[in-house]
Amino acid sequence: MKERVNLDLLVDQCLERMVAGATVEECLAMHPRWRAELEPLLRAAAALRELPVIEPEPDVVERIWGRLEAEMASESILAVTKGSFRRSV
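If you're wondering where the values come from, they're calculated on a predicted model, not measured in any experiment.

Helix and strand counts for the protein chain come out as four helices and zero strands. Secondary structure elements of the protein chain, listed N to C terminal, follow the sequence α-α-α-α. Taken over 89 residues, the protein chain has a buried fraction of 16%. For the protein chain, long-range pairs separated by at least 24 residues make up 45% of all intrachain contacts whose partners lie at least 6 apart in sequence. Accessible surface, the protein chain as shown: approximately 7,400 Å² in total, 62% of it carbon and sulfur.

Applying the stated criterion across every chain, the model contains five salt bridges. R43 is the salt-bridge partner of E39, the closest N and O atoms lying 3.1 Å from each other. Taken together, the residues E39 and R43, both in helix α3 (residues 35–49) and four residues apart, mark about one turn of the helix. With a relative accessible area of 37%, R43 lands in the partly exposed category.

Turning our attention to a nonpolar patch on the surface. On the surface, W65, L68 and M72 cluster together into a nonpolar patch covering about 330 Å² of accessible area. By the secondary structure assignment, L68 is in helix α4 (residues 58–88).

Turning next to the confidence of the model for the protein chain. Summing up the model confidence of the protein chain, the mean pLDDT is 84 and the portion of residues at 70 or higher is 79%. Here residues 82–89 is modelled with pLDDT under 50, and outside its nearest four sequence neighbours on either side it reaches zero contacts, counting other chains as well.

Further remarks concern the nonpolar core. With 11 residues, the main nonpolar core is built from L7, L10, V11, C14, M18, V24, C27, L28, W34, L38 and L42. Taken together, the elements giving at least two residues each to this core come down to α1 (2–19), α2 (24–30) and α3. A total of five residues in this core trace back to one element, the largest contributor, which is α1. In this structure, L38 is in contact with L7, L10, V11, C14, L28 and H31, ignoring residues within four places of it in sequence.

This part is about the state of the cysteines. Evaluation of the coordinates by the stated rule reveals zero disulfides. Summary of cysteine pairing: C14 is not part of a disulfide, and the nearest cysteine sulfur, belonging to C27, is at 3.9 Å.

Calculation criteria
Residues numbered from 1 in each chain as written. Predicted model: local features only at pLDDT ≥ 70, side-chain atom pairs only at ≥ 80, totals over all residues. Heavy atoms only, no water. Helix = DSSP H or I, 4+ residues; strand = E, 2+ residues; numbered from the N terminus. Buried < 20%, exposed > 50% of the residue type's maximum accessible area, 1.4 Å probe, protein only. Contact = heavy atoms within 4.5 Å. Areas by Shrake-Rupley, 256 points an atom, 1.4 Å probe, with all protein chains shown as cover. Salt bridge = Lys/Arg side-chain N within 4 Å of Asp/Glu carboxyl O. Patch = residues over 30% accessible without salt bridge, like charges linked within 9 Å, V, L, I, M, F, W, Y side chains within 5 Å. pLDDT = per-residue confidence, 0-100. Core = buried A, V, L, I, M, F, W, Y, C linked by side-chain atoms within 4.5 Å. Disulfide = S-S within 2.5 Å.

Here is the structure:
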C-alpha cells in the first residue's frame, strides 16, 4: 500500500511538472526506480494534452443550462409534492 501511495504522489508531482513545462523524459529521469510504472501514465497524459480543446457553442450551453434548470425545478416540485403526500398519509 505504501508503494502505491508513493506512486500516486509521484504521478501527481510529475503531472504538475509537466504542466509547468517539464518533459516526460525529465520526469522519468528524476524517478528511475519508478520508470516502468510512471512511463505509460505520463505518456498517456502527454498525449491527452495534445488533443484539441473542444468548446461548445454558447447557444448550446445556454440551451443545456435552460433544460437543466427546468428539470431541477420540476424535480423540486415533485419532491415537495411527494414530501407533502407522505406527511399527510
